[in-house]
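For reference, the chains in residue letters:
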Amino acid sequence: MLHDTNLGRMTGAPAWLRRHPFVLACLGIVVASASVWAVPAQVRIPIVKDHAKLDPPGAGMFSHWRHEQYQCVACHPTIFPRARKGFTHDDMDEGRFCGACHDGRTAPPASGARANCKTSCHTP
Ligand code: HEC
Ligand code: HEC
C-alpha cells in the first residue's frame, strides 16, 4: 500500500494530503516532470572569488544544450547538485565540477594555456 509513504514525509506535505497518497503521487510526478522541462538552456555559475584584473570579468556560463549528449544523471546530483553553486578554477583543477570532464582528455581543458576563456565559458 502507498499509505503513509515516505514521499509524504519527504515533501513535507500537509496531513490532509498525506491521507490521499494518490493525489500526492500525482503531484510528485507533476513537480518532477516540471523540473525536467524547466531546464535552463544556460546557467550562470555564481562568482565566489574576486576575479583578478587580467581575468575575464564575467562569471562562467554553462550551456545545457552543448551537453545534450549526456543524460541528466551524468551530472546531477553527483557532480552538480540541482542548486546553483559557485566554484573556482582550483576546484576544477582538482577534477571537481566542470573539471570532472574538462581535464584535457574527456573534454577541452578548463584551465591552463589550452583553455579558451572567452569563447567557451566567460561569455558576456
Ligand atoms: C554536463 C553536465 C550536466 C548535464 C548532463 C545536465 N546538467 Fe543541469 N546543470 C549543470 C550545471 C553545471 C548547472 C549549474 C549548477 C551550478 O551552478 O552549480 C546545472 C543546473 C541545472 C538546474 C538548475 C538551474 C538553476 O537555475 O539554478 C536544473 C533544473 C538542471 N540543471 C536540470 C537538468 C536536467 C533536467 C538535465 C537533463 C535533461 C540536466 N540538468 C543535465 C550541468 C548539467
Ligand atoms: C560529464 C562531463 C562534462 C561536464 C561535467 C562538463 N562538460 Fe562541458 N563538455 C563535455 C564534452 C564531452 C564536451 C564536448 C567536447 C568536444 O566537442 O570536443 C563539452 C563541451 C563544452 C563546451 C564547448 C566546447 C568548448 O570548450 O568550447 C563548453 C563551453 C563547456 N563544455 C563548458 C562546460 C562548463 C562551464 C562545465 C561546468 C559548469 C562543463 N562544461 C561541464 C563534457 C562535460
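As a reminder, the structure under discussion sits directly above these lines.
Residues numbered from 1 in each chain as written. Chains lettered and ligands numbered in written order. Predicted model: local features only at pLDDT ≥ 70, side-chain atom pairs only at ≥ 80, totals over all residues.

Draft legend 1. Broad picture of the environment of Met92. Position of Met92 relative to the elements: it lies in helix H4 (residues 89-93). On the basis of neighbour count, Met92 is assigned to the buried category, with 21 C-beta atoms found within 10 Å. Placed 11 residues apart in sequence, Met92 and Asp103 show a C-alpha to C-alpha distance of 8.2 Å. Those residues in contact with Met92 that lie beyond four places of it in its chain are Phe87, Phe97, Cys98, Gly99, His102, Ala110 and Ser111. (Helix = DSSP H or I, 4+ residues; strand = E, 2+ residues; numbered from the N terminus. Buried ≥ 20, exposed ≤ 12 C-beta atoms within 10 Å, placed from the backbone. Contact = placed C-beta atoms within 7 Å.)

Draft legend 2. A look at unusual backbone geometry. A cis amide bond links His76 to the next residue, Pro77, at an omega of -5°. Relative to the assigned elements, Pro77 resides in the loop between strand S2 (61-63) and H4. The phi dihedral of Phe97 falls on the positive side, at around 50°, and the residue is not glycine. Relative to the assigned elements, Phe97 resides in the loop between H4 and helix H5 (117-121).

Draft legend 3. Expanded view of the site of ligand 2. Surrounding ligand 2, one finds 19 residues, the nearest of these being Cys98, Cys101, Ala107, Pro108 and Ser120. Grouping the constituent residues of the shell around ligand 2 by class yields 13 nonpolar, five polar and one charged. (Near = placed C-beta within 6 Å. Nonpolar A, V, L, I, M, F, W, Y, C, P; charged D, E, K, R; others polar.)

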